[in-house]
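The residues making up each chain are set out below.
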Amino acid sequence: MRKEKLYLRYLLTLISIVILFLIIWWADGHLDNYYKRVLTVSGIYIILGVSLNLINGITGIFSLGHAGFMGLGAYTAALLTMSVAQKQMTFFIEPLISPLDKISIPFLPALLIGGVVAAFFGLLIGIPTLRLGGDYLAIATLGFGEIIVVVFNNTINITNGALGLKGLSPYTNLWWTYGWAVFTVFFITRLVNSSYGRALKAIRENEVAAQAMGVNIFYHKVLAFIVGAFFAGIGGGLLAHLLTTINPVAFNFFLTFNILIVIVIGGLGSITGSVIAGFFFPILLEWLRFIEAPMDVFGIHIPGIPGMRMVVFSLLLLIVMIFYQRGLMGRSEFSWDFIIKRFVKD
Amino acid sequence: MPFFKADHLVMRFGGLVAVNDFNLELQPGDLVGLIGPNGAGKTTVFNMITGVYRPTSGRIYFQDKDITGKRPDIITALGIARTFQNIRLFTDLSLIENVMVSYHVRLKSNIFEAVFKLPRYMRQENAMYEEAMELLHKVELDHLAEEKAGSLPYGEQRRLEIARALATHPKLLLLDEPAAGMNPNETLQLMDFIKQIRDEFDLTILLIEHDMKVVMGICERIWVLDYGKTIAVGTPSEIQNNPEVIKAYLGEEEYA
């Protein structure tokens, strides 16, 4: 019962990935830079949403430190890819510490190291804070996110302080982003559906019972935290090389807040939901820009009001939350079985 | 050294003494009942044995090991499993997943083997699935394996909880009011079921129960607690005629 149509499912997954990359290939050649950029941001939000959902939705730990992990990944990757000449130009207040000032490595290893650094801090932050529960944990991780920003601002010989890093090579494109997005979704979906994932969900459902059934609560919470932080670091690195300039304020609480919107709208605990919401969130934000332009409604002239789209966006959020309390997908996941059944029946 | 021994256990919550000087010895294969009026400290005894609470004083020994104050998951791994008075299932997981969680502690593969479905992990995962299915079959829930645990009726949730506890491969099973909320017919089935799993899985069972028919029907020895103190120990017939026990349950006779 479990194994039937296994190969069919693999085949369908493979075909959809090929189709996805064909679309990207087409988009890369035909769309203008603006659209490509929006789509790239969408891909990054998928990575961020899915990774935060592993922590908040699957394991049930309410973490608010995601932007902090992204910042760590972004700064690490940026410092590793910048050319030596660029570093000398950027760090004019205080020189960059050795040996970072002499290192320049390719994008992929830099991204990976960024992810590993974020994961390491996940471990470091997780060990003390994950002993806390519920609201206390949320506050502790929020504190971490704020501290990271302060640290970035003040370690001038590493991060260049409030001026940030400039002139990063624009490595991030659709291929890099969606390659990582596919890998993130693959890794986290497989993890959630494995024995480890069952343990994580058991912790979310009932911590006391999970522990009584032999699940080491603390170990598994830290594990989820580290995996989530790793992919946040990767997302941060990608974002840095898309924007080509980063500064500490870019990684403050508002970024975490955006990702939180993505996972709540998509459905806490649904990876499919995070993918859908992550993809459409930046597109919707861009599309709503027209609201801020001056316009005439029924003969009444409305001047452009900056920030108006956030008001409309919040209203949209409210409406979604009223009609879908558990987000668009609840805790359901997309599955081939559902689609196969449909076609087989007819 | 006996198979299991609770030695002078005391549990204090601030000024309240929930359990006072509790002693219990179990031999392999015992089926022992723990009874007492509400608030007598029965569940607190369970919580101390399973590591949820650390006793204020006293020691707990299990198979020649001192397990006092160890973490619940470690105690489970050593071979003590439990069910809960207020059912604590993983309601949003399917029945089969509920049972499979209990096997996770014995998984030898690391997270990468699990994510990339390497052969060693897949062998263990398939073995887990087969074993979990077999257990569900034994509690007659296998036809509902893919349903969510929260959608089960009460009696079946109790059976699933026992199956989940059995999946941890316990040697000592603690059942906290297994018959609560069951109708007389279900209770009879449960009594047979408890005896059956004891023999089949070579278990030692300690159970808390308010339903005297169950306790008197299947337990070989009974401990009676009242206000944290052990007031009587004996066979069902001894307990039934013990004046202390009658006093604890029915109150003292008043002479006018």
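Figured I'd write up the structure that's included with this text. Nothing here was measured: the structure is a model prediction, and the numbers come from that model.

## Some words on the overall build of chain A
And step 1. If you tally the helices and strands in chain A, you get 15 helices and 2 strands.
And step 2. Here the C-alpha atoms of chain A give a radius of gyration of 21 Å, agreeing with the 20 Å that 2.2 N^0.38 yields for 346 residues.
And step 3. In terms of overall dimensions, chain A has C-alpha extents of about 65 × 65 × 40 Å along its principal axes.
And step 4. Counting contacts in chain A only where the partners sit at least 6 residues apart, residues at least 24 apart contribute 81% of the total.
And step 5. Summing over all exposed atoms, chain A offers an accessible surface of approximately 16400 Å²; the carbon and sulfur share of this is 72%.
And step 6. The centroid of the 22 positive side-chain charges in chain A is displaced by 10 Å from the centroid of its 15 negative side-chain charges.

## Considering the overall build of chain B
And step 1. Looking only at helices and strands, one finds 10 helices and 10 strands in chain B.
And step 2. For 256 residues, the compact-globule formula gives about 18 Å, and the C-alpha radius of gyration of chain B, at 19 Å, lands near that figure.
And step 3. Across its three principal axes, chain B shows a C-alpha extent of roughly 75 × 40 × 30 Å.
And step 4. Partitioning the intrachain contacts of chain B with sequence separation of at least 6 by distance along the chain shows that 67% fall at a separation of at least 24.
And step 5. In the form shown here, chain B has an accessible surface area of approximately 11500 Å², with 50% of it arising from carbon and sulfur atoms.
And step 6. One way to put it: in chain B the 27 positive side-chain charges average out to a point 7 Å from where the 36 negative ones average out.

## Observations regarding the nonpolar core
And step 1. Core analysis: the biggest nonpolar cluster contains 135 residues, and Leu165 of chain A together with Val99, Leu136, Leu160, Leu173 and Ile205 of chain B have the highest contact counts within it.
And step 2. Once residues within four sequence positions are removed from consideration, Leu165 of chain A is found in contact with Tyr75, Ala78, Leu79, Met82, Thr90, Phe91, Thr159, Asn160, Thr244, Thr245 and Ile246 of chain A.
And step 3. Phe3, Phe4, Met48 and Ile75 of chain B belong to the second-largest nonpolar core, a separate cluster that totals 27 residues.

## Section: the pattern of salt bridges
Two side chains of opposite charge can pair, provided their charged atoms sit close to one another.
Residues and elements named next belong to chain B.
And step 1. Within the structure shown, the criterion is met by 21 salt bridges over all chains.
And step 2. Its salt-bridge partner being Asp176, residue Arg82 comes within 4.0 Å of it at the nearest N-O pair. One end of the pair, Arg82, is in strand S6 (residues 80-82); the other, Asp176, is in strand S7 (residues 172-176), and 94 residues separate them in sequence.
And step 3. Taking the relative accessible area as the measure of exposure, Asp176 reaches 0% and is therefore buried.

## Describing the packing of aromatic side chains
Aromatic ring pairs: the centre-centre distance and the angle between the two ring planes describe each pair.
And step 1. If you walk through the whole model with that rule in mind, you get 26 aromatic pairs over all chains.
And step 2. Here the aromatic rings of Phe69 of chain A and Phe225 of chain A are separated by 5.6 Å at their centres, their planes lie at 85°, and the arrangement is edge-to-face. You can see Phe69 of chain A sitting in helix H3 (residues 66-81) and its partner Phe225 of chain A sitting in helix H11 (residues 217-243), a full 156 residues away along the chain. The two residues Phe69 of chain A and Phe225 of chain A agree in class, both being buried.
And step 3. Ring geometry for Phe281 of chain A against Phe313 of chain A: centres 5.2 Å apart, planes inclined by 80°, an arrangement best described as edge-to-face. Remark: Phe313 of chain A occurs in helix H14 (residues 308-323) and Phe281 of chain A occurs in helix H13 (residues 271-287); sequence separation between them is 32 residues. Accessibility classification places Phe281 of chain A together with Phe313 of chain A in one group, the buried group.
And step 4. Geometry around Phe218 of chain A places Arg131 of chain A over its ring, the cationic atom sitting 4.0 Å from the centre.
And step 5. Positioned over the ring face of Phe90 of chain B is Arg164 of chain B, at 4.6 Å from the centre of the ring.

## Thoughts on the packing of helix H8 (residues 174-192) of chain A against H11 of chain A
All names here are of chain A.
And step 1. Viewed as axis vectors pointing N to C, H8 and H11 meet at an angle of 175°, and their least axial separation amounts to 11 Å. Here H8 lies roughly antiparallel to H11, going by the angle between them. Every residue of H11 that contacts H8 at Trp176, Thr177, Trp180, Phe183, Thr184, Phe187, Ile188 and Leu191 is listed here: Val227, Phe231, Ile234 and Leu238.
And step 2. Along the lines of polarity and charge, the residues of the contact of H8 with H11 split into 10 nonpolar, 2 polar and no charged.

## Things to note about unusual backbone geometry
Residues and elements named next belong to chain A.
And step 1. Following Ser98, the chain continues to Pro99 via a peptide bond in cis, the omega torsion being 5°.
And step 2. With respect to the secondary-structure elements, Pro99 resides in the loop between helix H4 (84-90) and helix H5 (107-129).
And step 3. The phi angle at Asn160 is positive, at roughly 65°, despite the residue not being glycine.
And step 4. Residue placement: Asn160 occurs in the loop between helix H7 (156-159) and H8.

## Side note on the sheet that holds strand S2 (residues 16-26) of chain B
Residues and elements named next belong to chain B.
And step 1. With respect to topology, 4 strands assemble into an open sheet ordered S2-S1-S4-S5, the strand pairing being antiparallel. Across the chains shown, the open sheet's two edge strands, defined by having one partner strand only, are S2 and strand S5 (65-66).
And step 2. Where helix H1 (residues 42-49) meets the sheet, its contacts fall on strand S1 (4-13), S2 and strand S4 (57-62), and the angle it forms with S1 comes to roughly 115°.

## Let's talk about the interface of chain A and chain B
And step 1. On the chain B side, the residues contacting the 33 residues of chain A number 36 residues.
And step 2. Where chain A abuts chain B, roughly 3100 Å² becomes buried across the two surfaces, and 63% of that area is made up of carbon and sulfur atoms.
And step 3. Summed over the shared surface of chain A and chain B, the number is 3 salt bridges.
And step 4. A salt bridge links Arg198 of chain A to Glu125 of chain B; its shortest N-O distance comes to 3.2 Å.
And step 5. Those elements that provide at least two residues to the side of chain A that touches chain B are H8, helix H9 (195-205), helix H10 (207-212) and H11 of chain A.
And step 6. Top contributing element to the side of chain A that touches chain B by residue count: H9 of chain A, with 8 residues.
And step 7. Class assignment of the residues belonging to the side of chain A that touches chain B gives a composition of 17 nonpolar, 7 polar and 9 charged.

## Remarks on H13 of chain A
Residue and element names in this part refer to chain A.
And step 1. With 17 residues, H13 should reach 24 Å at 1.5 Å per residue; the first-to-last C-alpha distance of 24 Å fits that figure.
And step 2. Its maximal kink placed at Phe281, H13 deviates by approximately 25°, while the proline Pro282 follows within four residues.
And step 3. The N-terminus of H13 is capped by Ser270, whose side-chain oxygen sits 3.0 Å from the backbone nitrogen of Gly273.

## Comments concerning the pairing of strand S10 (residues 229-234) of chain B
Residues and elements named next belong to chain B.
And step 1. Sheet analysis places strand S9 (residues 221-226) next to S10, joined by 5 bridges and oriented antiparallel. Paired with Trp223 across the strands is Val233, a residue of S10.
And step 2. From the end of S9 to the start of S10, which pair antiparallel, there are 2 residues, and Tyr227 there has a positive phi angle of about 45°.

## Re the sheet that holds S6 of chain B
Sheet strands line up and pair through hydrogen bonds in the backbone, either parallel or antiparallel.
Residue and element names in this part refer to chain B.
And step 1. Pairing is mixed in the open sheet, where 6 strands are placed in the order S6-S7-S8-S3-S9-S10. Whereas interior strands pair on both sides, the edge strands pair on one side only; in this sheet they are S6 and S10. Strand-to-strand twist across the sheet, computed as the mean angle between neighbouring axes with direction ignored, equals 20°.
And step 2. Against the sheet, helix H7 (residues 184-200) makes contact with strand S3 (31-35), S7 and strand S8 (204-208), and its axis sits at roughly 155° relative to S8, the strand it touches most.
And step 3. Its contacts with the sheet place helix H10 (residues 243-250) against S3, S9 and S10, and it is angled at close to 130° to S10.

Quick notes on the rules
Residues numbered from 1 in each chain as written. Chains lettered and ligands numbered in written order. Predicted model: local features only at pLDDT ≥ 70, side-chain atom pairs only at ≥ 80, totals over all residues. Heavy atoms only, no water. Helix = DSSP H or I, 4+ residues; strand = E, 2+ residues; numbered from the N terminus. Rg over C-alpha atoms; globule rule 2.2 N^0.38 Å. Contact = heavy atoms within 4.5 Å. Areas by Shrake-Rupley, 256 points an atom, 1.4 Å probe, with all protein chains shown as cover. Lys, Arg positive; Asp, Glu negative; His and termini not counted. Charge placed at Lys NZ, Arg CZ, Asp CG, Glu CD. Core = buried A, V, L, I, M, F, W, Y, C linked by side-chain atoms within 4.5 Å. Buried < 20%, exposed > 50% of the residue type's maximum accessible area, 1.4 Å probe, protein only. Salt bridge = Lys/Arg side-chain N within 4 Å of Asp/Glu carboxyl O. Phe/Tyr/Trp six-rings, centres within 6.5 Å; stacked < 30°, edge-to-face > 60°. Lys NZ or Arg CZ within 6 Å of the ring centre and 35° of its normal. Axes fitted to C-alpha atoms, helices over the stretch in contact; angles between N-to-C directions. Parallel < 35°, antiparallel > 145°, perpendicular 65-115°, else oblique. Nonpolar A, V, L, I, M, F, W, Y, C, P; charged D, E, K, R; others polar. Pairing = 2+ DSSP bridges. Buried area = accessible area lost by both parts, 1.4 Å probe. Expected span 1.5 Å × (residues − 1). Bend = angle between axes of the 7 residues up to and from the residue. Polar contact = N/O pair within 3.5 Å; in protein donor to acceptor, adjacent residues only side chain to side chain.

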